[in-house]
Amino acid sequence: MHPFNNIVIIGVGLIGGSIALSLKKAGYRGKIIGCDLSQEALEEAKALGVIDMGYSSLKDAVQGADLVIVATPVGYYSGIFKEIAPFLPKNVIVTDVGSVKGYVEKAASKDLPQDIQFIGGHPMAGSEKGGIKAATPFLYENAYYFLTPNSNTKEDTINKLKTFVEILGAYPVIVEPQQHDKIVALISHIPHLAAVLLANMLDRQNSISYIPFVGGGFRDTTRIAAGNPHMWKDIFFLNQTEVLEGIEALEDMLEEFKHLLKTQGYKGVLETLEKAKLIRDSIPHTYRDYIPPLYDLIIDVEDRPGILGELTQIIGNHKINIKEIEILHERQGEKGAVRIGLASKEEQEKAFYILREGGFPLTYRKGEIEDVGNK
Ligand SMILES: NC(=O)c1ccc[n+]([C@@H]2O[C@H](COP(=O)([O-])OP(=O)(O)OC[C@H]3O[C@@H](n4cnc5c(N)ncnc54)[C@H](O)[C@@H]3O)[C@@H](O)[C@H]2O)c1
Ligand SMILES: O=C(O)C(=O)C[C@]1(C(=O)O)C=C[C@@H](O)C=C1
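Every chain is numbered independently, its residues counted from 1 as its sequence is written. Both sets of labels track the order of writing: A upward for chains, 1 upward for ligands. Only residues with pLDDT of at least 70 are given local features in this predicted model, and only at 80 or more are side-chain atom pairs given and counted; all residues enter the totals for whole chains, interfaces and linings.

(A) Quick look at the overall build of the chain. A tally of regular secondary structure across the chain gives 13 helices and twelve strands. Radius of gyration: C-alpha atoms only; globule rule: 2.2 Å multiplied by the number of residues to the exponent 0.38. For 375 residues, the compact-globule formula gives about 21 Å, and the C-alpha radius of gyration of the chain, at 23 Å, lands near that figure. With respect to the three principal axes, the spread of C-alpha positions in the chain is 65 × 60 × 40 Å. The burial tally for the chain puts 33% of its 375 residues in the buried class. For helices the rule is a DSSP run of H or I covering at least 4 residues; for strands it is a run of E covering at least 2, with both sets numbered from the N terminus onward. Counting other C-beta atoms within 10 Å of each residue's C-beta, where C-beta atoms are placed from the backbone, gives the exposure class: buried for 20 or more, exposed for 12 or fewer, partly exposed between.

(B) How the structure looks around the site of ligand 2. Ligand 2 sits among Ser99, Met124, Ala125, Gly126, Ser127, Glu128, Ser188 and Ile224. When the residues that make up the shell around ligand 2 are grouped by side-chain class, the tally is three nonpolar, four polar and one charged. We call a residue near a molecule or strand when its C-beta atom, built from the backbone, sits within 6 Å of it. In this count, Pro and Cys sit with the nonpolar residues alongside Ala, Val, Leu, Ile, Met, Phe, Trp and Tyr, while Asp, Glu, Lys and Arg are called charged and the others, Gly among them, polar.

(C) Here's a closer look at the site of ligand 1. Ligand 1 sits among 30 residues. The nearest are Gly11, Gly13, Ile15, Gly126 and Gly130. No other element matches the three residues that helix α1 (residues 14–25) contributes to the shell around ligand 1. Looking at the shell around ligand 1, its residues break down into 16 nonpolar, 13 polar and one charged. A domain assignment, automatic or from a database, supplies the domain bounds used here. Residues from two domains meet in the shell around ligand 1; each of domain 1 (6–175) and domain 2 (180–281) gives at least three.

(D) Layout of the pairing of strand β6 (residues 117–123). The buried fraction of β6 amounts to seven of the seven residues, a majority that puts the element mostly inside the structure. With burial as the criterion, each face of β6 is covered, one bearing Gln117, Ile119, Gly121 and Pro123 and the other bearing Phe118, Gly120 and His122. Two strands qualify as a pair provided that DSSP identifies no fewer than 2 bridges between them. In the sheet, strand β5 (residues 93–96) pairs with β6 via three bridges, with the strands oriented parallel. Looking across to β6, one finds that isoleucine 93 is bridged to glutamine 117. When the strands point away from the viewer and the connection leading from the first strand across the helix to the second strand turns clockwise, the crossover is called right-handed. A crossover connection joins β5 to the parallel β6 through helix α5 (residues 102–111); in handedness this β-α-β unit is right-handed. Across five bridges, β6 lies against strand β7 (residues 144–149) in antiparallel orientation. Bridge pairing links proline 123 to tyrosine 145 in β7.

(E) Geometry of the sheet that holds strand β1 (residues 6–10). Here eight strands make up an open sheet; going across it, the order is β3-β2-β1-β4-β5-β6-β7-β8 and the pairing mixed. In this open sheet, the two strands that pair with only one neighbour each are β3 (53–55) and β8 (171–174). Across the sheet, the axes of successive neighbouring strands diverge by a mean angle of 25°, strand direction being ignored. By the bridge criterion, five bridges tie β1 to strand β2 (residues 31–35) in an arrangement that is parallel. Each bridged residue has a counterpart across the sheet, and for valine 8 the counterpart in β2 is isoleucine 33. Under this scheme, a helix contributes an axis fitted over its contacting stretch, all axes are lines through C-alpha atoms, and angles between N-to-C directions fall in the 0 to 180 degree range.

(F) Region of the structure containing the nonpolar core. In this description, a nonpolar core means buried residues of the types Ala, Val, Leu, Ile, Met, Phe, Trp, Tyr and Cys, linked to one another by C-beta atoms lying within 7 Å. Ranked by size, the top nonpolar core spans 61 residues in total, and within it Val8, Ile9, Ile10, Val68 and Ile69 carry the most contacts. Here the element with the most residues in this core is α1; it accounts for six residues. Think of it this way: build a C-beta for each residue from its backbone, and any pair within 7 Å is a contact. Other than its neighbours up to four places away in sequence, valine 8 contacts Ile33, Cys35, Ala61, Val62, Ala65 and Val68.

(G) Seen up close, helix α10 (residues 240–262). Multiplying one less than the number of residues by 1.5 Å gives the expected span of a helix. The terminal C-alpha atoms of α10 lie 32 Å apart, and with 23 residues this matches the ideal 33 Å at 1.5 Å per residue to within 8%. The element α10 is barely covered by neighbouring structure, given that only two of its 23 residues are classed as buried.

(H) Layout of the environment of methionine 53. As for its position among the elements, methionine 53 is in strand β3. The exposure class of methionine 53 is partly exposed, given the 15 C-beta atoms found within 10 Å. As a C-alpha pair, methionine 53 and glutamate 40 span 13 residues in sequence and 14 Å in three-dimensional space.

(I) Just the packing of helix α7 (residues 177–204) against α10, in detail. The N-to-C vectors of α7 and α10 enclose an angle of 55°; their axes lie 9 Å apart at closest approach. In terms of their interaxial angle, α7 and α10 are classed as oblique. Judged by the sense of rotation from one axis to the other, the crossing of α7 with α10 is right-handed. Here α7 contributes Asp181, Lys182, Ala185, Leu186, His189 and Ile190 to the contact with α10, which in turn contributes Glu242, Val243, Gly246 and Leu250. Our angle categories are set so that under 35 degrees counts as roughly parallel, over 145 as roughly antiparallel, 65 to 115 as roughly perpendicular, and the remainder as oblique. Crossing handedness is defined as follows: a turn of the near helix away from the far one that is anticlockwise and smaller than a right angle gives a left-handed crossing, while the clockwise case is right-handed.

(J) Examining unusual backbone geometry more closely. The phi torsion at asparagine 142 lies on the positive side, around 65°, for a residue other than glycine. For asparagine 142, a count of 19 C-beta atoms within 10 Å translates into the label partly exposed. A positive phi angle, near 60°, is found at lysine 319, a position not held by glycine. A tally of 8 C-beta atoms within 10 Å means that lysine 319 is categorised as exposed.

(K) Structural context of the environment of asparagine 91. Mapped onto the elements of the fold, asparagine 91 is located in the loop between α4 (77–84) and β5. Separated by 13 residues in the primary sequence, asparagine 91 and valine 104 place their C-alpha atoms 21 Å from one another.

(L) Examining the environment of tyrosine 145 more closely. Tracing the backbone through its elements, the reader meets tyrosine 145 in strand β7. In this structure the C-alpha to C-alpha distance between tyrosine 145 and valine 165, which are 20 residues apart in sequence, comes to 7.0 Å.

(M) Region of interest: the pairing of strand β4 (residues 67–70). Judged by which residues are buried, β4 turns out to be covered on both faces: Leu67 and Ile69 on one side and Val68 and Val70 on the other are all buried. Of the pairings in the sheet, the one linking β1 to β4 comprises four bridges and is parallel in character. Considered in β4, the bridge of isoleucine 7 is made with leucine 67. Since β4 and β5 lie parallel, the crossover through α4 that links them has a hand, and here it is right-handed.

Below, the structure is given as structure tokens:
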């Protein structure tokens with residue numbers, strides 16, 4: 001049974017809109033009310049069927065809610081908490097989706113009434129694109145979703161939010177707000193800063209004219225630099241301590257690398273590169289510990305239009321659900337490769353034979369070939 005019947009989403013953009021779409025996809029039958037400063041976002045959300053009703057007044061929106069999700073840029077939270085505080089129904093649960101949690105926890109305990117249940121939240125899924133038009137019902141599938149209860153959060157509230165997160169297709173992970181901020185500084189905030197600085201280097205070196213030549217490397221390492229500057233400004237300042245620590249660690253590593261390079265430290269440079277490769281290669285497709293493992297197949301395919309459609313159709317015809325699909329970016333000669341992740345060993349075996357006999361003879365179980373890039 002769904003734990004909520006009347007969900008209010010404040011900020012109907014990428015993250016808020018995607019929550020609403022995921023709920024609808026999962027068959028949620030209650031009401032979804034959107035509240036946004038932007039009339040255009042509300043109109044768009046209604047037209048797309050994302051929300052059932054839209055309000056620009058926070059007071060009107062939250063009346064009757066049993067779950068309020070704050071999904072605006074984090075800098076607005078304190079003002080929003082203060083404004084909704086007098087109008088929140090007694091049994092409502094308030095949560096958020098913000099990329100920092102220590103600050104949000106403090107703001108909630110200061111600005112929300114003491115008897116209102118609050119639990120912080122943060123889905124580890126997103127995009128460099130913002131706004132309701134970028135929202136998708138699949139954003140949270142197989143993503144981690146941090147939940148940060150405080151000492152006042154009841155067990156029942158935690159359980160309801162866990163269920164809610166699972167309905168979105170994500171995996172709830174309970175952490176302390178400070179622990180959360182340490183983790184995301186290293187896996188999200190410092191990487192974002194690095195991407196921003198890499199992008200800006202083209203300008204710094206007065207080499208804007210290099211832009212037409214960028215290949216996959218520059219694109220892959222800087223994609224997130226195209227994210228919303230206002231949102232990211234809030235994130236950096238509201239996770240200032242952890243981000244400053246990360247910057248210092250980055251400075252030390254750059255100094256060390258600079259020294260190795262200046263002093264012909266071949267061994268050290270190689271070790272740095274090898275360590276990074278090990279770490280990068282170890283990022284689980286299978287999200288061990290929290291997410292059930294996936295059973296992968298690697299398929300060598302011809303590089304031509306329509307090939308992906310043919311592959312997925314064969315599998316779909318046999319009612320096998322592809323949990324993950326990835327194009328492996330190795331394009332030497334005429335071949336490319338695709339990785340598909342399946343939910344069970346049985347499905348992997350079935351798909352293996354179906355594909356091999358169905359026009360994809362170069363299908364392998366993961367591990368049968370070491371690494372497509374090294375063949
Ligand atoms: N973008 C990501 O990748 C990502 C991922 C996880 C979490 N988050 C967090 O989610 C939140 C929203 O990010 P997003 O990417 O959906 O942004 P977005 O710009 O796509 O959407 C934000 C929406 O909030 C509305 N808004 C702004 N101020 C408001 C206010 N005071 N009252 C009501 N509505 C207001 C905007 O009009 C917009 O429609 C942020 O706190 C961000 O830290 C973002
Ligand atoms: O752009 C993406 O792909 C993201 O998922 C964005 C990303 C991330 O760093 O992973 C960015 C900030 C959010 O707080 C969560 C997710």
